[in-house]
Amino acid sequence: MTINNPQVKRRDLLKAGVAASAAMTVGIPLSEVARAAIQSSEGEIVWTKGVCRFCGTGCGLQVGVKDGRVVATKGDPDAPVNRGLNCIKGYFNAKILYGKDRLTQPLMRRTNGKFDKNGKFEAVTWDEALTEMANQFKRVYKEKGPTGVAILGSGQYTIPEAYAASKLVKAGWRSNNLDPNARLCMASAVVGFYQVFGIDEPANNYSDIEKCNTMVLWGNNMAEAHPVLWSRVADRKLTHKETKIINLTTYKNMSSNMADETIIFAPNGDLAILNYILREIVHRDAIDHDFVNKHCIFAAGAMDIGYGMRPTDKYAFPKEKDIQAKQNAIILSKEEAIAQGRPEMAGKEVKQTQQGGKAGAHWSISFEDFKKGVEPYTLDFTAQIAKGDPDESLEDFKKKLKNLADIYIDKKNDILSFWCMGFNQHQRGVWVNEQIYSVHLLLGKHARPGNGAFSLTGQPSACGSAREVGTFCHRLPSDLLVAQKPARVKSEKIWGIPEKTINPKVGRAYMEILRGMEDNSINFVWTQVINPFQAAPNSNHWLKAARHPENFVVIADAYPTFSCQYADLILPAAMIFEKWGLYGNAERRTQGWQQMANPPGEARTDLWMMMEFSKRLQVKDCWGEQPVPGLKVEGYTDGKLPSVLDEAEKMGIKPDMTLYDVLFARPDNLKVAWPDPDLVSKINSTTAPGNLNWFPEKALFNEYRKFTLGDGHDLADFTTYMNSETRGLIWPVVNGKETLYRFNQDYDPYVKEGGYAFYGKLFKAIPTGNLFGVTDPKPVPLPNKAKIFFRPYAAPVEQPDKEYDLWLCTGRILEHWHTGSMTMRVPELERAQANSFLYMNPKDAEKRGLKNGDVAVCESRRGQVKAIVQTNQRNFMPRGMTWLAFFDRKVQTNQVVIDATDPISEEPDFKKSAVKVYKAQ
């Protein structure tokens, strides 16, 4: 019998129900009657477009709602990012909302009905919670002013939430102590963009995967961290036979399975390898001279910049003090001295004098100086520094490096370089970001189809809600910087507040806020969409600091995370589909969704919390004269922010008005009607508790959009993102058209002539110098130019020694995300991977009397944790290297990780701690 199978397109298959999909894939004809029956069974489910809650890929979803509850999600076949696919985490976007221990009411430490730092958590009303929170804020603010309060925010904010946080802290509190957990994952990429291009975020987009023939991964295990993108990489590899994948890593991982070659390098060896490639480009005269001469200049910067630790050991644990001392001075190794062009300094003490803000200082140099800088990085020298597997021969490693240089230099290759945490979580993360751009710029292989250096992000809106909105301590919306007067004036004008309201002194970054809790300079900390005491490195310090009697810690979250144990007040938060929102992904794609369900119990949106809290603060509480230690800016009295109350009165802002009135319920915002007649959803967890007749999410987005128009960040209007047809748009969106490639005249409306223009405005007037410093301090304008940097090799500040004889690297795994606060509440994901394993080389394990399944202690100068040993699956370690994920609450990995950071970006290096491992008793 012959069965005539129907010809089913993949998109139609994905749009059909699960039963229908299964039937058609095995060749069973599907009658119209059966099709109708399947549709009938789903008939009560309403499907709405959404966005995945997890990584920065930005996968589109179809979200199914029944009886007011999210019951299912599936990949959206019309979404250009994922084309109907989801990873294993993505399939469970529905279940993350409904864990059994979901927080549903505020909890406060109390004794006898009053707040008590040492009391037990009790359920309280929202009014009680916010009133105590406001009292604690006012206590700290009265004593220490704007610098004593802070919010730790998130790359998981929605864009309206992030904008509200930026406005509340910077305009309302007059503080810049707002920093997101995006500081932990892509701050080095941000500074790299700033310094090279003068503007943030990638020039290319995901469609380049289908246009290139070579992809190089730099410290980026895409198969686990960005699995849907990896599926596109795999599809390109399998359907385009010329495609090559090179995986540069410190251990063999899942991305190695499809790679043509895996190059295992030593920690920080990437700095040397990139300089080797740059040297080869120069020596082989493979430079695209026309492109470079027209569009680039050469640059260098300070070398002795420290390691982003405290300059004092006052707060260090006793065993930390030897490494802590290196923040101020190091003994330069022979390899570093040669690599930095100062061989005479080998074995000598070098003071680290450029730490802090000076670390990012840089200047233009000549091509001859650049050539001189990369000259020491011969194949022999680089291989000795960079080889990471002691069991690989030097000759084999050298062959791999030469092949890598050949691949980059070959003009026939259309090449993409991808990186993520391996580059960014790096003591010289800004430098390696700049180096990879230098490779692509020298070759003229950037910002064009199939060719580019492409930084990936780790969180769903690290771009849209941290970088673009300006929730970093140094930023305002749309790439504006708080330290620049024109940026402050523009922001104050859009926000309708007096000039000099915004504090011109850069605030405290993520790790500095935690250190501030420890040294008593910051006493009020509010965390939103973040699990800081599990996620931050060297966490034993911050666990103790949170419980200092003068500190008041507010945790807003959906679940009782590890951090909640160290809070004074816990606020129950709404989750993604329980609110209106937008995310911005790693390719500059902004995507929006409408609210689909209500949060449980008394859980509220973060936006509602901020607006309600702002009702408890009056203008006169924050806008009078305020102390700002260290403020020294022209036009300001040293150490003081001026009162703006008189100017505010002239603008109609009375001292007894609330920050809610001034920042949120502005006249223009109140005109944005709720419900919205143009949009389907009529539920809103921000408007409902107060019965508002205006639409805060839309009103705030409209206001934020004003920052973006006309400066290369242009966004479309709110309704466009929210409608059922738009699957996101890649900004800048000009005249309704997205921009696929920035800086390229063929695609970018901001480039009018000359083929390319790197039109970013930041750091585009710099001094002139040589490899070692400035020779002429007069700033020279560099309009439309990108910078090709020389950055030298530098060794990690902590390295294995006789006592702590192994490297420890940390990261994510496929089944879980970040600290597991959502994914570990999905039974299927918890069963798939219930524990964080300590991955070891079999020989290292045997040497310590360990085998698979044994429980081992992993100990560093900072603390110790216990984990189950694994030697023969997933991650394969070279001798001397170990690896431990941080998702597992039972294994507090970051208690052993060093809190060294890149001194320019202030991003921690989670990849290079020295540990010892032994069998647990």
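Being a predicted model, the structure only gives us computed values, none of them experimental.

Cut-off values and rules
Residues numbered from 1 in each chain as written. Predicted model: local features only at pLDDT ≥ 70, side-chain atom pairs only at ≥ 80, totals over all residues. Heavy atoms only, no water. Helix = DSSP H or I, 4+ residues; strand = E, 2+ residues; numbered from the N terminus. Contact = heavy atoms within 4.5 Å. Buried < 20%, exposed > 50% of the residue type's maximum accessible area, 1.4 Å probe, protein only. Pairing = 2+ DSSP bridges. Phe/Tyr/Trp six-rings, centres within 6.5 Å; stacked < 30°, edge-to-face > 60°. Expected span 1.5 Å × (residues − 1). Axes fitted to C-alpha atoms, helices over the stretch in contact; angles between N-to-C directions. Polar contact = N/O pair within 3.5 Å; in protein donor to acceptor, adjacent residues only side chain to side chain. Parallel < 35°, antiparallel > 145°, perpendicular 65-115°, else oblique. Left-handed = near helix turned anticlockwise from the far one by under 90°. Nonpolar A, V, L, I, M, F, W, Y, C, P; charged D, E, K, R; others polar. Core = buried A, V, L, I, M, F, W, Y, C linked by side-chain atoms within 4.5 Å. pLDDT = per-residue confidence, 0-100.

Caption draft 1: Local environment of the environment of Gly755. With respect to the helices, strands and loops of the structure, Gly755 is situated in the loop between strand E27 (729–730) and strand E28 (765–770). Taking C-alpha positions, Gly755 is 8.3 Å from Phe743, a pair spaced 12 residues apart along the chain. Apart from the residues lying within four places of it in its own chain, the contact partners of Gly755 are Phe743, Asn744 and Gln745.

Caption draft 2: Geometry of the pairing of strand E24 (residues 589–593). Among the 5 residues that make up E24, 5 are buried, leaving the element largely enclosed by the rest of the structure. By the bridge criterion, 4 bridges tie strand E23 (residues 581–584) to E24 in an arrangement that is antiparallel. The residue bridging Tyr583 from the neighbouring strand is Gln591, located in E24. Here E24 runs beside E27; their pairing, made up of 2 bridges, is antiparallel. Its bridge partner lying in E27, Thr590 is registered against Leu729.

Caption draft 3: Structural view of the packing of aromatic side chains. Evaluation of the coordinates by the stated rule reveals 49 aromatic pairs. Seen from their ring centres, Trp126 and Trp608 are 5.0 Å apart, and the 80° between their planes marks the pair as edge-to-face. Taken together, the residues Trp126 in helix H4 (residues 126–144) and Trp608 in helix H23 (residues 606–614) connect sequence positions 482 residues apart. For Trp126, a relative accessible area of 7% puts it in the buried group.

Caption draft 4: H4, seen in detail. The end-to-end C-alpha separation of H4 is 27 Å, in line with the 27 Å expected for 19 residues at 1.5 Å each. All buried positions along H4 are accounted for by Trp126, Ala129, Leu130, Glu132, Met133, Ala134, Gln136, Phe137, Val140, Tyr141 and Lys144. Gly145 lies just past H4 and shows a positive phi near 75°.

Caption draft 5: Focus on the pairing of strand E20 (residues 524–528). In terms of residue burial, E20 counts as a mostly covered element, since 5 of its 5 residues are buried. Looking at chain direction, strand E7 (residues 149–153) and E20 are connected through 4 bridges and run parallel. Paired with Ala150 across the two strands is Val525, which belongs to E20. Note that E20 and strand E21 (residues 552–557) share 5 bridges and pair parallel. Within E21, the position partnered with Phe524 by the bridge is Phe552.

Caption draft 6: Summary view of the sheet that holds strand E3 (residues 69–75). Across the sheet, 3 strands lie side by side as E1-E2-E3; this open sheet has antiparallel pairing. For this open sheet the edge positions go to strand E1 (46–51) and E3, each flanked by a neighbour on one side alone. Strand-to-strand twist in this sheet, taken as the mean axis angle between neighbours without regard to direction, amounts to 35°. Sheet topology places E1 next to strand E2 (residues 60–66); 6 bridges connect them, and they run antiparallel. Bridged to Val51 within E2 is Gly60.

Caption draft 7: A look at unusual backbone geometry. Residue Pro675 is bonded to the preceding Trp674 through a cis peptide linkage, with omega at 0°. Tracing the chain through its elements places Pro675 in the loop between helix H27 (667–670) and helix H28 (696–708). Of note, the bond from Trp731 into Pro732 is cis; its omega dihedral lies within 30 degrees of zero at 0°. Here Pro732 lies in the loop between E27 and E28. Even without being glycine, Glu201 reaches a positive phi, approximately 90°. Of the residues examined, Glu201 reaches a relative accessible area of 2% and is grouped as buried.

Caption draft 8: The side chain of Ser491, seen in detail. Within the secondary structure layout, Ser491 lies in helix H19 (residues 485–495). Owing to a relative accessible area of 0%, Ser491 belongs among the buried residues under this scheme.

Caption draft 9: A look at helix H5 (residues 159–172). When the terminal C-alpha atoms of H5 are compared, their 18 Å separation across 14 residues agrees well with the 20 Å that a helix rising 1.5 Å per residue should span. Most of H5 is tucked away, with 14 of its 14 residues classed as buried. Taken from the residues just after H5, Arg174 is the one with a positive phi, measuring 60°.

Caption draft 10: Main features of the sheet that holds strand E32 (residues 837–840). Taken together, 6 strands build a closed barrel; the order of strands is E31-E35-E32-E34-E33-E36 and the barrel is mixed. Strand-to-strand twist across the sheet, computed as the mean angle between neighbouring axes with direction ignored, equals 45°. As paired strands, strand E31 (residues 806–811) and strand E36 (residues 913–919) are joined by 3 bridges and run antiparallel to one another. For Leu806, the partnering residue across the bridge sits in E36 and is Val915.

Caption draft 11: Seen up close, the environment of Gly470. Checked against the element boundaries, Gly470 lands in the loop between helix H18 (462–467) and strand E18 (475–476). If sequence neighbours within four positions are ignored, Gly470 has contacts with Ser166, Lys170, Arg475, Leu476 and Pro477.

Caption draft 12: Layout of the side chain of Gln62. Following the sequence through the fold, Gln62 ends up in strand E2. A polar contact of 3.4 Å, which involves the side chain of Gln62, links it to the side chain of Asp76.

Caption draft 13: Inspection of the packing of helix H9 (residues 269–283) against helix H14 (residues 379–386) at higher detail. Contact geometry for H9 and H14: axes closest at 8 Å, N-to-C directions at 165°. As judged from the angle between their axes, H9 and H14 are roughly antiparallel. The two elements H9 and H14 meet at a crossing, and its hand is left-handed. Within the contact between the two elements, H9 uses Gly269, Ala272, Ile273 and Tyr276 and H14 uses Leu379, Thr382, Ile385 and Ala386. Classifying every residue of the contact of H9 with H14 gives 6 nonpolar, 2 polar and no charged.

Caption draft 14: Region of the structure containing the environment of Thr471. Here Thr471 shows up in the loop between H18 and E18. Setting aside residues no more than four positions away along its own chain, Thr471 makes contact with Tyr157, Ala162, Ser166, Lys170, Leu178, Asp179, Pro180, Ser465 and Ala466. Within the structure, the side chain of Thr471 is placed 3.0 Å from the backbone oxygen of Ser465, a separation counted as a polar contact.

Caption draft 15: Summary view of the packing of H9 against helix H17 (residues 429–443). One way to put it is that H9 packs onto H17 with a least axis distance of 10 Å and a crossing angle of 20°. Compared by their axis directions, H9 and H17 come out roughly parallel. Crossing handedness for the pair H9 and H17: left-handed. Counted together, Asp270, Leu271, Leu274, Asn275, Ile277, Leu278 and Ile281 of H9 and Trp431, Val432, Gln435, Ile436, Ser438, Val439, Leu442 and Leu443 of H17 form the full contact between these two elements.

Caption draft 16: A look at the nonpolar core. Ranked by size, the top nonpolar core spans 142 residues in total, and within it Phe197, Trp218, Phe370, Leu404, Tyr408 and Leu441 carry the most contacts. In contact with Leu404, not counting residues within four places along its chain, are Val216, Trp218, Ile246, Leu248, Ile263, Ile273 and Ile277. One finds Val529, Leu617, Ile653 and Phe664 within the second-largest nonpolar core, a separate group that totals 81 residues.

Caption draft 17: Quick look at the confidence of the model for the protein chain. The pLDDT averaged across the protein chain works out to 95; a share of 95% of its residues lies at or above 70. In the model, residues 1–35 has pLDDT below 50 throughout and makes 34 contacts with residues more than four positions away in sequence or in other chains.

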